[in-house]
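Read off the chains here:
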Amino acid sequence: MKKLMFIMLIAAGCAPVYVPNARNSPLFTEAGEFQGSIGIGNGIDIQGAASITNHIGVMANYSYESRNSNDYYLSTDPDNAEYHYHRFFEGGIGYFENQGNWCYEVFAGYGKGEGANNNSYQWNTGQPGIATGKFERYFIQPAFGMNKKMVHVSFIPRIAIVDFKEFSDDVSTYKINGDPVVFFEPAVAGRVNLMENHFFFGFQLGMSVPISSDVFYDLRPVQFSTGIGFRFGGAKKESIDVSN
């Protein structure tokens, strides 16, 4: 009943409070490798990953965006308000195999975040205002890649379980007791390697599709990111079989 009441409250104007972050697909070669990158598209995505053995790696990701954060009180029409804010951090551990031109990996992890947008709601008598949701997310992220000398490409069919704990406005906080929502979040990521594979340009295109039908909040269904990154350690590309 509490969940149903909350869904009715926000049904008048859904806030896109969930923005999936860019997928971190390091495509490690061996132990002792570290990668870092920064991308722009869904806001700012900062990512890092390290291989601690020849088959085990760890990662950490941070996503942030704040748009027109000082102007939302000036808007009287929520349809014209462009305010958006989100912040998210997660960590994960995974297993990888890299055999010449082809590689695969699977990571799993946990993160916490929050997101907000300007809209009108029944709890504030239909006036424009900020709704902020706080959530936890669990993920499992396999990836299958082509590991050429100059170009890396990977397909990343991530599964994410998103559990919103509460929503709040300037007056009240509403606890959420509903079930988590499962999302299928596939993406294609690529990078162009330079400086003997120590520097790269990266890009990716992804989607977020709810598997659960009971989604009571809005989200960003398509994500695009492009950026730069660096890589230290690991196997040199000259020692990897890059023959066709």
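Refer to the structure above for everything that follows.
Criteria and cut-off values
- Residues numbered from 1 in each chain as written.
- Predicted model: local features only at pLDDT ≥ 70, side-chain atom pairs only at ≥ 80, totals over all residues.
- Heavy atoms only, no water.
- Helix = DSSP H or I, 4+ residues; strand = E, 2+ residues; numbered from the N terminus.
- Buried < 20%, exposed > 50% of the residue type's maximum accessible area, 1.4 Å probe, protein only.
- Areas by Shrake-Rupley, 256 points an atom, 1.4 Å probe, with all protein chains shown as cover.
- Core = buried A, V, L, I, M, F, W, Y, C linked by side-chain atoms within 4.5 Å.
- Contact = heavy atoms within 4.5 Å.
- 1 Å grid on protein atoms, 1.4 Å probe; cavity = no way out; pocket = protein on both sides within 12 Å on 5 of 7 lines; lining within 4 Å.
- Points joined across faces, edges and corners; volume = space filled by probe spheres on them.
- Polar contact = N/O pair within 3.5 Å; in protein donor to acceptor, adjacent residues only side chain to side chain.
- Salt bridge = Lys/Arg side-chain N within 4 Å of Asp/Glu carboxyl O.

## A short note on the overall build of the chain
Across its full length, the chain holds 1 helix and 14 strands. Here the chain holds 244 residues, and the buried ones make up 49% of them. Of the roughly 11800 Å² of accessible surface on the chain, 63% is carried by carbon and sulfur atoms.

## Some remarks on unusual backbone geometry
Here Leu27, not a glycine, exhibits a phi torsion of approximately 50 degrees, which is positive. As for its placement among the helices and strands, Leu27 is situated in the loop between strand E1 (16–18) and strand E2 (34–40). A positive phi angle, near 70 degrees, is found at Asn197, a position not held by glycine. Here Asn197 is to be found in the loop between strand E10 (181–194) and strand E11 (199–207). The exposure class assigned to Asn197 is buried, which follows from its relative accessible area of 4%.

## What to know about the nonpolar core
With 14 residues, the main nonpolar core has Tyr18, Phe135, Val162, Phe164, Phe167, Phe183 and Tyr217 as its most contacted residues. Broken down by secondary-structure element, the contributors of at least two residues to this core are E1, strand E8 (151–168) and E10. Top contributing element to this core by residue count: E8, with 4 residues. The contacts of Phe164, once residues within four sequence positions are left out, are Val17, Tyr18, Gly133, Lys134, Phe135, Ile176 and Tyr217. Ranked by size, the runner-up nonpolar core spans 6 residues in total, among them Ala49, Met59, Phe96 and Phe139.

## Focus: empty space enclosed by the protein
By the definition in use, this model includes 3 cavities of 30 Å³ or more. Of the voids in this model, the largest cavity is the one considered here, and its volume is about 350 Å³. Together, 27 residues line the largest cavity, and Arg23, Ser37, Gln47, Phe200 and Gln204 are the ones closest to its centre. Broken down by secondary-structure element, the contributors of at least two residues to the lining of the largest cavity are E2, strand E3 (44–51), E8, E10, E11 and strand E14 (222–232). The dominant element in the lining of the largest cavity, judged by the number of residues it contributes, is E2, at 5 residues.

## Here we look at the environment of Gly43
Relative to the elements of secondary structure, Gly43 occurs in the loop between E2 and E3. In this structure Gly43 comes out as buried when scored by relative accessible area, which is 12%. Distance in space between the C-alpha atoms of Gly43 and Tyr64 is 5.6 Å, their sequence separation being 21 residues. Among residues more than four places away in sequence, those in contact with Gly43 are Tyr64 and Glu65.

## Section: the environment of Asp214
Take Asp214: it is sitting in the loop between strand E12 (209–210) and strand E13 (218–219). The class of Asp214 is partly exposed, set by a relative accessible area of 35%. Remark: the alpha-carbon pair of Asp214 and Pro180, spanning 34 residues in sequence, is separated by 9.3 Å.

## Comments concerning the side chain of Ser63
Within the element layout of this structure, Ser63 appears in strand E4 (residues 56–67). We classify Ser63 as buried; its relative accessible area is 1%. Of note is the side chain of Ser63, whose polar atom sits 3.0 Å from the side chain of His86. Other than its neighbours up to four places away in sequence, Ser63 contacts Asn21, Asn42, Ile44, Asp45, His86, Arg87 and Phe88.

## Brief notes about the pattern of salt bridges
By the definition in use, this model includes 8 salt bridges. Close ionic contact of Arg220 with Glu65 constitutes a salt bridge, the shortest N to O distance being 3.4 Å. On the criterion of sequence distance, the pair formed by Arg220 in the loop between E13 and E14 and Glu65 in strand E4 is long-range, its members being 155 residues apart. Taking the relative accessible area as the measure of exposure, Arg220 reaches 22% and is therefore partly exposed. Arg158 is the partner of Glu185 in a salt bridge, and the nearest nitrogen-oxygen pair spans 2.7 Å. You can see Glu185 sitting in strand E10 and its partner Arg158 sitting in strand E8, a full 27 residues away along the chain. With respect to class, Glu185 is no different from Arg158; both count as buried. One continuous salt-bridge network, built from bridges that share partners, spans Glu90, Arg137, Arg158 and Glu185.

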